Amino acid sequence: MTEEAPLLELKGITKRFPGVVATDGVDFDLQLGEVHALLGENGAGKSTLMNVLYGLYQPDEGEIRIKGKPVAMTSPREAIDLGIGMVHQHFMLIPVMTVAENIVLGVEPTREKVLLDEAAAEERVKRIAETFKFAIDPHARVEDISVGQQQRVEILKALYRGAEILILDEPTAVLTPQEALELFGILRTLTEEGMSVIFISHKLHEVLEIADRVTVLRRGRKIETLPRQGATQEQLAKLMVGREVFLRVDKKPAEPGEPLLQVKGLDVLDQRGLPAVRNVSFEVRAGEIVGIAGVDGNGQSELIDALTGLTRAQSGVIRIAGEDITRDSTRERFDEGIGHIPEDRQRRGLVLDFTLAENIGLHEYRNEPNSRFGWLRPSRLIALARRLLKEFDVRGGTPTTLASSLSGGNQQKIVIAREVERDPRVLVAGQPTRGLDVGAIEFVHNRLIAERDEGRAVLLVSLELEEIMSLSDRILVMFGGRIVGEYGPDVTEEELGLAMTGGRREAVA
Amino acid sequence: MSVTPPAPAPETQEAYSLRAGIQERAGGVLIPLAATFLAFLIGGLVVLLTGHNPITAYRAIFEGAGFNWPYQWLTGQETRESARDLEQTLRSATPLILAALAVAFAFRCGLFNIGGQGQYWVGFIFALLVGTHLEGLSRPLHVGLCIVAGIVGGALWGGIAGFLRATVGAHEVITTIMLNWIAIYGGKWLFELNGPLQGAAPSLPRSAIIFDSSTLWIIWSPYLHAGFLIALAALVVYFIILNRTTLGYEVRAVGFNAEAARYSGIGVRKNYFLALAISGAFAGLAGTVDLLGVKQAVDQSDFDTNFVAFTAIAVALLGRNKAVGIFFAGLLFAALSTGTSSRNLNPEVFEPALATDLATMIQALVIFFVGAELLIVYIWRSRRYLRLGRSTAEEPAPL
Amino acid sequence: MIDLHRNVRAVSAVGIGLGLVAFLLTLPPFTIRTTVIPIVIGLGALALGLAALSQGERRLGGFAIAIAFLGTLGGLWAQGVDQTTLEAVLTGGLLASTLRFATPLAYAAMGGIFSERSGVVNIGLEGMMLVGAFFGVWGSIWSGSWVVGLLMAMLSGGLLALIHGVFSIHLRADQIVSGFAVNLLALGLTGYLYSSIYPDGTVKGQIKRVPSLEQLLGFLDWVPGADLSLLVWLMFLTVLLSYIVLFKTPIGLRIRAVGEHPRAADTVGISVYRVRYAAVVTSGVLAALGGAFLSIGFTGRFTENMTGGRGYIALAAVIFGKWRPGWAFVATLLFGFGFALAIPLQREADISSNLISILPYLLTLIAVAGVIGRSIPPAAVGRPYVKQ
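Thresholds, definitions, all that
Residues numbered from 1 in each chain as written. Chains lettered and ligands numbered in written order. Predicted model: local features only at pLDDT ≥ 70, side-chain atom pairs only at ≥ 80, totals over all residues. Helix = DSSP H or I, 4+ residues; strand = E, 2+ residues; numbered from the N terminus. Buried ≥ 20, exposed ≤ 12 C-beta atoms within 10 Å, placed from the backbone. Contact = placed C-beta atoms within 7 Å. Nonpolar A, V, L, I, M, F, W, Y, C, P; charged D, E, K, R; others polar. Pairing = 2+ DSSP bridges. Axes fitted to C-alpha atoms, helices over the stretch in contact; angles between N-to-C directions. Parallel < 35°, antiparallel > 145°, perpendicular 65-115°, else oblique. Left-handed = near helix turned anticlockwise from the far one by under 90°. pLDDT = per-residue confidence, 0-100. Expected span 1.5 Å × (residues − 1). Bend = angle between axes of the 7 residues up to and from the residue.

For chain C, the helix and strand inventory stands at 16 helices and zero strands. Counting only residues that meet the buried cut, chain C has 55% of its 388 residues in that class. If you take every contact in chain C between residues at least 6 apart in sequence, the share linking residues at least 24 apart comes to 74%.

Looking only at helices and strands, one finds 17 helices and two strands in chain B. In chain B, once contacts between residues fewer than 6 apart in sequence are set aside, the share between residues at least 24 apart is 74%.

Residues and elements named next belong to chain B. Structurally, the position occupied by phenylalanine 40 is in helix 1 (residues 10–49). For phenylalanine 40, a count of 17 C-beta atoms within 10 Å gives the class partly exposed. Along the chain, phenylalanine 40 and glycine 280 lie 240 residues apart, while their C-alpha atoms are 31 Å from each other.

Here the focus is the interface of chain C and chain B. Across the boundary between the two partners, chain C contributes 35 residues, which contact 37 residues of chain B. Looking at the side of chain C that touches chain B, the element that brings in the most residues is helix 8 (residues 175–197) of chain C, giving 14 residues. Considering only residue class, the side of chain C that touches chain B consists of 22 nonpolar, eleven polar and two charged.

It is worth spelling out unusual backbone geometry at this point. Residues and elements named next belong to chain A. The step from glutamate 368 to proline 369 runs through a cis peptide bond, and the omega angle for that step is 0°. You can see proline 369 is positioned in the loop between helix 12 (356–360) and strand 19 (371–372). Unusually for a residue other than glycine, alanine 321 sits at a positive phi of about 45°. Even without being glycine, aspartate 423 reaches a positive phi, approximately 55°.

A few words now on the sheet that holds strand 13 (residues 259–269) of chain A. Residue and element names in this part refer to chain A. With antiparallel pairing, four strands are arranged side by side in an open sheet as 14-13-16-17. Unpaired on one side and paired on the other, strand 14 (275–285) and strand 17 (323–324) mark the two borders of the sheet. This element, helix 9 (residues 300–308), spans strand 13, strand 14 and strand 16 (315–320) of the sheet and lies at about 60° to strand 14.

A few words on the packing of helix 5 (residues 93–117) of chain C against helix 14 (residues 310–320) of chain C. How two helices sit against one another is set out by the angle between their axes and by the gap between those axes. All names here are of chain C. Packing of helix 5 against helix 14 brings their axes to within 8 Å, and their N-to-C directions diverge by 60°. Considered as vectors, helix 5 and helix 14 are oriented oblique to each other. Pair helix 5 / helix 14 crosses with right-handed handedness. Taken together, the residues of helix 14 that come into contact with helix 5 (itself represented by Pro104, Leu105, Ala108, Ala109, Gly112, Ile113 and Glu116) are Arg310, Gly311, Ile313, Ala314, Leu315, Ala317 and Val318. Looking at the contact of helix 5 with helix 14 residue by residue, the class counts come to ten nonpolar, two polar and two charged.

Before going further, it helps to spend a moment on the sheet that holds strand 23 (residues 474–479) of chain A. Residues and elements named next belong to chain A. Sheet architecture is open: six strands sit in the order 18-21-22-15-23-24, paired in mixed fashion. Each end of this open sheet is capped by a strand with a single partner; those strands are strand 18 (338–341) and strand 24 (482–487). In this sheet, adjacent strand axes meet at a mean angle of 20° when their direction is disregarded. Packing of helix 9 onto the sheet brings it into contact with strand 15 (288–293), strand 18, strand 21 (426–430), strand 22 (457–461) and strand 23, and relative to strand 21 it is tilted by some 150°.

This part takes up the pairing of strand 9 (residues 165–169) of chain A. Residues and elements named next belong to chain A. Across the five residues that make up strand 9, a large majority, five, are buried. Neither face of strand 9 is exposed, since Ile165, Ile167 and Asp169 on one face and Leu166 and Leu168 on the opposite face are all buried. Judged from the four bridges that link them, strand 6 (residues 84–87) and strand 9 form a sheet pairing that is parallel. Bridge assignment links isoleucine 84 to a residue of strand 9, and that residue is isoleucine 165. In the sheet, strand 9 pairs with strand 10 (residues 196–201) via five bridges, with the strands oriented parallel. Bridge assignment links leucine 166 to a residue of strand 10, and that residue is valine 197.

Moving on, we get to the packing of helix 5 of chain C against helix 13 (residues 272–299) of chain C. Residue and element names in this part refer to chain C. One way to put it is that helix 5 packs onto helix 13 with a least axis distance of 7 Å and a crossing angle of 170°. It follows from the interaxial angle that helix 5 and helix 13 lie roughly antiparallel. For the contact of helix 5 with helix 13, the per-class residue count stands at 14 nonpolar, nine polar and two charged.

For the rest of this paragraph, the subject is the environment of leucine 53 of chain C. Note on placement: leucine 53 of chain C falls in helix 2 (residues 36–54). The sequence separation of leucine 53 of chain C and phenylalanine 63 of chain C amounts to ten residues, and the corresponding C-alpha distance is 9.6 Å.

Moving on, we get to the confidence of the model for chain B. As a general rule, the predicted coordinates of low-pLDDT regions are not to be interpreted in detail. Residue and element names in this part refer to chain B. For chain B, per-residue confidence averages 84 on the pLDDT scale, and 87% of positions sit at 70 or higher. When mean pLDDT is compared element by element in chain B, helix 5 (residues 116–131) scores highest at 96, while helix 17 (residues 383–391) scores lowest at 41. Under a pLDDT of 50 for its full length, residues 1–17 has, in the predicted model, 40 contacts with residues more than four places off or in other chains. This model gives residues 381–399 a pLDDT under 50, and the stretch forms 23 contacts once residues within four places in sequence are excluded.

What follows covers helix 16 (residues 353–368) of chain C. A rise of 1.5 Å per residue sets the reference length of helix 16 of chain C, with its 16 residues, at 22 Å; its end C-alpha atoms lie 24 Å apart and thus fit the reference within 8%. Proline 360 of chain C marks where helix 16 of chain C bends most, by close to 30°. In the core, the buried residues of helix 16 of chain C are packed alongside helix 7 (172–190) of chain B together with helix 14 and helix 15 (325–349) of chain C.

With that settled, consider the confidence of the model for chain C. Per-residue confidence for chain C gives a mean pLDDT of 84; residues scoring 70 or more make up 88%. Scored as a whole, the predicted complex attains pTM 0.81, and scored at its interfaces, ipTM 0.81.

Turning our eyes to something else, we now look at the pairing of strand 24 of chain A. Within a regular strand, the side chains alternate between the two sheet faces. All names here are of chain A. Relative to strand 24, strand 23 runs antiparallel, the two sharing five bridges. Within the sheet, the bridge partner assigned to isoleucine 475 lies in strand 24 and is tyrosine 487. Between strand 23 and strand 24, which pair antiparallel and follow one another directly, the connecting turn spans two residues, one of which, glycine 480, has a positive phi of 60°.

So, in structure tokens, the structure goes:
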């Protein structure tokens, strides 16, 4: 690189959370006028690093230098004063206010010292927007404009405050491909005008398109910094995913039976009413594990919600063992043979203030012998819980312990025990090992294999490639709400990584 | 996630969950006790600042509530007054406990039912309609019908708020406040001069009097009526519904974590409606026993002065929405009100006018302190307690 | 798209107008006496309202339907009443009386708007009004000056609001529980102090009342309504200022930002806690002024629990007025008009004032139920903010 001190330097940044080292001695630097991409999987430490830079977290070790001078970044306010602007993944915009109001908030222009000068605010916003060739209506309400435009408002907010360094956290996660292209155009204009950009992403093709340099993080460590020239998607995918030893799971080859879960032409909208799952079709047979791989936010959660009846499908058919359940309620689906291990066990899988017995009974409380004519028989639930706690080796609690006092792994065992106990034909597991320790992960994995061998159809949705690869008998890749590829268990990570990041499209009917 | 926290060893975990359980239960008792203590302390300070002796004042209130009766009874020095005082305390605890159950039941479903007063009045009026009609029924039947009517009336009023919450998502705090005042002014209208339900005396804004066949039995002469037993039974019913029925199980699941309840197929909206309707039923029952056991009729002015269900909010908060807690909290607040009434408090020791307001202040302070556990926790020592609270919170550690 | 929208609005506006006409035609000076006319006109209004509703104009369309019903009912009622009664009810004093009822509500409602706009629910308005009423009297007797009375009222309201603030902002107690406790505390405290300072309700010393405009500035006696209390005029100013502060100044922008999305405000360096404290204390000061109007502004005395639920009506006005000073003020005028009308209606036409008292609450209930457009509170209202 150049000889003079870079615009920004992070040196040996280490940030620990209880039990976790989020970043471990990471170095990072940014040159004037460049786009420097920060690439890594979920949980690789990208966000932590940027929150340190933005003054939201204090690092345990390491220092930050701007133009060669060490600075202490203790609050976002200081970061803003030092010319750092951040565009958060979840926009920090107030929907009911206008674009101009959002931009000037906190540094408002005034008339007669007390009155808000809306005309001046809109004028200034317009001027900055023109400088950087943005098209935006300062008078529009934020809730009425598109997500892509909202993002521009966030960028303008930073520019208005005199930012010279712009941090974009997963900026394309919420954008359509078209909007993403427009964003790249904007970023190019910005760097031509002398701005420097840190671009956080896990999408390879984007990084190769926009970045001048790429720094790859994995598990809190910096792996490498390399220039875009000469870098390939395959190379980056390998660096990003790594070649760690798999948590190998012993399993027999699958012996798939009849199809138990069939999905045809499924379309699902997300909470904002935008299409999240587009024309998805697949089936899962008895005795096999089908893994759905994909980067977060590509429609996996909405797919699970539609399968379990938590959201209504726009169109398409879902069948369990041949029976159409598309219009059934969540409860009916459970009775028809779906078991569901939710993505977030603490928020959705468990009632933390309930005892273990009560949590285990979340479906079965309605049925004999646990209740009769609406009368609950807690002793039966406790007996059931006692048996399952033993069978699933749950430690640290008795049937009357509160679920909140268990460790994550044992909490997940409770969820799995509950869902498996009902002898479901189809088991849907959403990120079943998220946040678990190695021992618990192993338990969950073995259990899923065991359930497969019992003859259940297991649908595994996970963001962890390793997990998908070591467990699945077939792998489907979701990208942009579609299934873009189907692979056997012997696929390589690079292939999967490419498909997951939109690097390759194999249309699957 | 690639980096995961190490799991604590099994032994320490066992110990940890045990400790957490004990602290949970201890905190459940300690915080209300501490809140009550603080409230009385500050109340005493006000008494002191306005030139009275707090200790004699509190003692007079204690005796005015009849709490010295058990001691006298044991030592054989029983006096007529203290027995009557105690009867009055138990009598006024009756609607307090019932109306507090109305707050508590909704609370266990994650809802704040501020509308107990309106539900109380609608139940009261429904029971009044039955009690002033159907002459000649046998007493158990007539009383039974009145109770059913009162429960239905309260459930109806609570059900409106529940329906609005379940269908259009209107916040129950706002709707129940509005329904309170609609019931209060509606009641004043019904019993005003020439009002639709005004009683026989043409010059009195007052209802007709219920037939003797619909009055509750007196179980401890002269004051205490069988409504007290109904309140005790309601406490048991409350406990049973919540802990021994599938309905209560669903209500609690929704109250603790509506999202998880939805994920396991429980109808969240249905439970919102049911919880508020059942809440209303408890408040309606409170109005009913007040009518059948004490009032037997209603004056228009009662609607301006009777706020028993508001006090009951404090009872439920102090009792932590638990049956046993509500019983004791109800007793405490009933004692505060009888102990400070002009009939029971010796005006030479402490003026009843002051004492009534002192009681109101103490109630307010109790609510503040129970509501702000953080404050008690600050005052206590414990940073350790805070840490425990955080580790059991729903959010995972940041990554 | 926009034009169509305008047309639909015009349709509902005509519907509202027709509904009013249905009523007005039966009143003096028109005094039409056939049942057909109000019914026909009312049906017309109803049709227009339904048409607007079907085009997606929920707010005005629903309003037109409501007015159609009320107008027709009112018209039919008025026809059954003789003309002298009607004239006795609709006197010129009605306006002044409306303002007197609306003034305390308007102060408290403006206070409520500040607090709720910043994200803190304030059902403690009732209590803050009550301390204002008491300390206004106390200050005025103690000092012999109504100015000091008002200042004491504002101070006490601000302090009580500060307690609410500490509990609901810093200690993160449930804001509704805290507000409820504020009401009880005020009830007990004012009652206690009143009985303690003025035993048997006898006030030693003179309560100085807030003067009217003409008493204060004699040369202005030609102004219509110059005999109204200064506080009434101050109320107009307060409403105007509330609007300006909330929507025309940086402070207002920040208050609204904190109430909508506190984290967004925090990330641009606005202190969420400071803004919320300021807004809550302001709400207490304003509510207390409303309370002071009841005691030293109007009746010239204090009685226990003299606010009698007005704080809750102010809260209803806040919701009914969709957290906007102008609309909330209109709501307080509407409620005030109802109360002002209730007295002569009771006296002359034997219509229960209690029945009319139900209206504000019923209208608010209908409003939150979403029949007349949806009342959407500030997004972060009721949620304690935890700094990152």
